[in-house]
Amino acid sequence: MEAAGQSGAAMEAAAGSEAVLCVKPAVHVYRLPPRASNRGAAEWQLEQPAWSGRMRVTARGSVAFIKLEDKSTGELFAQAPVEQFPGIAVESVTDSSRYFVIRVEDGNGRRAFIGVGFVDRGDAFDFNVALQDHFRWVKQQSELARQAENPEQGPKLDLGFKEGQTIKLNIANMKKKEGASGTTRPRPVAPAGLSLLPPPPGGKLPSGEHPSSLSNPTQLPRTPITDSLLSWPQPTAAPSATTSDVWGDFATASGSASTQTNTGWVQF
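Residues numbered from 1 in each chain as written. Predicted model: local features only at pLDDT ≥ 70, side-chain atom pairs only at ≥ 80, totals over all residues. Heavy atoms only, no water.

1. Points about the overall build of the protein
Alright, step 1. A count of helices and strands for the protein gives 6 helices and 7 strands.
Alright, step 2. The linear arrangement of helices and strands in the protein, starting from the amino end, is α-β-β-β-β-β-β-β-α-α-α-α-α.
Alright, step 3. Residues classed as buried in the protein amount to 22% of the 268 residues present.
Alright, step 4. Within the protein, contacts between residues separated by at least 24 positions form 54% of all contacts whose residues are at least 6 apart in sequence.
Alright, step 5. Split by element, the accessible area of the protein, about 21100 Å² in all, is 56% carbon and sulfur. (Helix = DSSP H or I, 4+ residues; strand = E, 2+ residues; numbered from the N terminus. Buried < 20%, exposed > 50% of the residue type's maximum accessible area, 1.4 Å probe, protein only. Contact = heavy atoms within 4.5 Å. Areas by Shrake-Rupley, 256 points an atom, 1.4 Å probe, with all protein chains shown as cover.)

What follows is the structure in structure tokens.
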């Protein structure tokens, strides 16, 4: 939530409106003794503050403003414009982290240094961080504006190889992937001069051809026994049925089958 508030305040400051960076409800103002080289808050008479109220830190553009206001009415007591941090407008003391020296202005060119102290140490830390974040944002904006005006002066990305630099590629994995998704390997071709094997016995013969054993029956040797067997009366074929008989096809088939069976064979 704090980061979102700081980014929103930065956007408002960029737009030209006044953005609130930090508000602290209890601060004390002290009169400073003559300025010395080594300044410490122990010489400020901390038991007797000159004024007490609230602090509101705002920003307009790149300038931050430290405003000391009345707690109840919000009347402005003093204001310190800050154009740089750390700088002469806001300085920390040497003996405590809760006290700062700020330079206030009245708008007419008159300036004065006063001491400011926070009741809580965490409030002093938030005040310090609010100023740091604001001026970090101001620095980033100025760098972006400078790069936009001179884009050639920005850092360039060099992707080239340095002298002597090498690169290693793993080709083995690439070959495995190509073998897995590539075409199938060709089948081995038989060497020249080898003839194909004949079909197995009992294969289907072309239509219109008959085995030689049926077309040319083997002639039995003529003997008295065979002559007497051949002189016996042979059975005649059954007469063909008319087309009106529903069993005609079966009779014709049985007659033709008996004829084929008797061809070249002797019935006993």
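2. Focus on the side chain of Lys24
Alright, step 1. Within the secondary structure layout, Lys24 lies in strand β1 (residues 19–30).
Alright, step 2. At 2.8 Å, the side chain of Lys24 and the side chain of Asp126 are in polar contact.
Alright, step 3. Apart from residues lying up to four places away in sequence, Lys24 is in contact with Arg54, Met55, Phe118, Asp123 and Asp126. (Polar contact = N/O pair within 3.5 Å; in protein donor to acceptor, adjacent residues only side chain to side chain.)

3. Quick word on the pairing of strand β3 (residues 63–69)
It is a general feature of regular strands that their side chains alternate between the two faces of the sheet.
Alright, step 1. Taken across its 7 residues, β3 has 7 buried, putting it largely inside the fold.
Alright, step 2. Every second residue of β3 is oriented toward a common face, with Val63, Phe65, Lys67 and Glu69 on one face and Ala64, Ile66 and Leu68 on the other, all of them buried.
Alright, step 3. When strand β2 (residues 51–60) meets β3, the two strands line up antiparallel, connected through 7 bridges. Of the residues in β3, the one forming a bridge with Arg60 is Val63.
Alright, step 4. Two successive antiparallel strands, β3 and strand β4 (residues 76–82), enclose a turn made up of 6 residues, where Gly74 displays a positive phi of approximately 75°. (Pairing = 2+ DSSP bridges.)

4. Quick look at the packing of aromatic side chains
Alright, step 1. Under the counting rule described, the total for this entry stands at 7 aromatic pairs.
Alright, step 2. Seen in terms of ring centroids, Trp44 and Tyr99 are 5.9 Å apart; in terms of plane orientation they differ by 90°. Their pairing is edge-to-face. Note that Trp44 is positioned in the loop between β1 and β2 and Tyr99 in strand β6 (residues 99–105), a separation of 55 residues in sequence.
Alright, step 3. Residue classification places Trp44 among the buried positions, given a relative accessible area of 3%. (Phe/Tyr/Trp six-rings, centres within 6.5 Å; stacked < 30°, edge-to-face > 60°.)

5. As for the nonpolar core
Alright, step 1. Counting residues in hydrophobic clusters, the biggest one holds 26 residues, and the most contacted among them are Met55, Ile66, Leu68, Val82, Val90, Ile102 and Phe127.
Alright, step 2. When contributions to this core are tallied by element, the ones reaching two or more residues are β1, β2, β3, β4, β6, β7 (111–118) and α2 (121–149).
Alright, step 3. Here this core takes 5 residues from α2, the largest share from any one element.
Alright, step 4. With 6 residues, the next largest nonpolar core counts Tyr30, Val93, Tyr99 and Val101 among its residues. (Core = buried A, V, L, I, M, F, W, Y, C linked by side-chain atoms within 4.5 Å.)

6. Remarks on the pairing of β2
Alright, step 1. In this structure, β1 lies alongside β2, joined through 8 bridges in antiparallel fashion. Note that in β2 the partner of Val27 across the bridge is Gly53.
Alright, step 2. Hairpin remark: β2 followed by β3, antiparallel, with 2 residues in the connecting loop; positive phi at Gly61, about 70°.

7. Here we look at the confidence of the model for the protein
Predicted coordinates in areas of low pLDDT are best not read in detail.
Alright, step 1. On average, residues of the protein score 74 in pLDDT, and 54% of them are at 70 or above.
Alright, step 2. Mean pLDDT values for the elements of the protein range from 48 in helix α4 (residues 212–215) up to 95 in β3.
Alright, step 3. Within the model, pLDDT remains below 50 along residues 256–262, and this stretch shows 1 contact once partners closer than five positions in the same chain are excluded. (pLDDT = per-residue confidence, 0-100.)

8. Considering the side chain of His134
Alright, step 1. Within the secondary structure, His134 is located in helix α2.
Alright, step 2. Taking relative accessible area as the criterion, His134 reaches 5% and is therefore assigned buried.
Alright, step 3. For His134, the contacting residues outside a window of four places in its chain are Leu21, Ala59, Gly61, Ser62, Val63 and Ala64.

9. Considerations on α2
Alright, step 1. Across its 29 residues, α2 extends 43 Å between first and last C-alpha, which sits within 8% of the 42 Å expected from 1.5 Å per residue.
Alright, step 2. Those residues of α2 lying buried are Asp123, Ala124, Phe127, Val129, Ala130, Leu131, His134, Phe135, Trp137 and Val138.
Alright, step 3. Put simply, Asp120 is the residue that caps the front of α2, since its side-chain oxygen is 3.2 Å from the backbone nitrogen of Gly122. (Expected span 1.5 Å × (residues − 1).)

10. Here we look at the pattern of salt bridges
Pairs can form between side chains of opposite charge once their charged atoms are near each other.
Alright, step 1. In total, this model carries 9 salt bridges according to the counting rule given.
Alright, step 2. Between Asp133 and Arg136 there is a salt bridge, and its shortest N-O distance comes to 2.7 Å. With Asp133 and Arg136 both in helix α2 and 3 residues apart, the pair spans about one turn of that helix.
Alright, step 3. Linked through salt bridges whose partners overlap, the residues forming this network are Glu18, Arg60 and Lys67. (Salt bridge = Lys/Arg side-chain N within 4 Å of Asp/Glu carboxyl O.)

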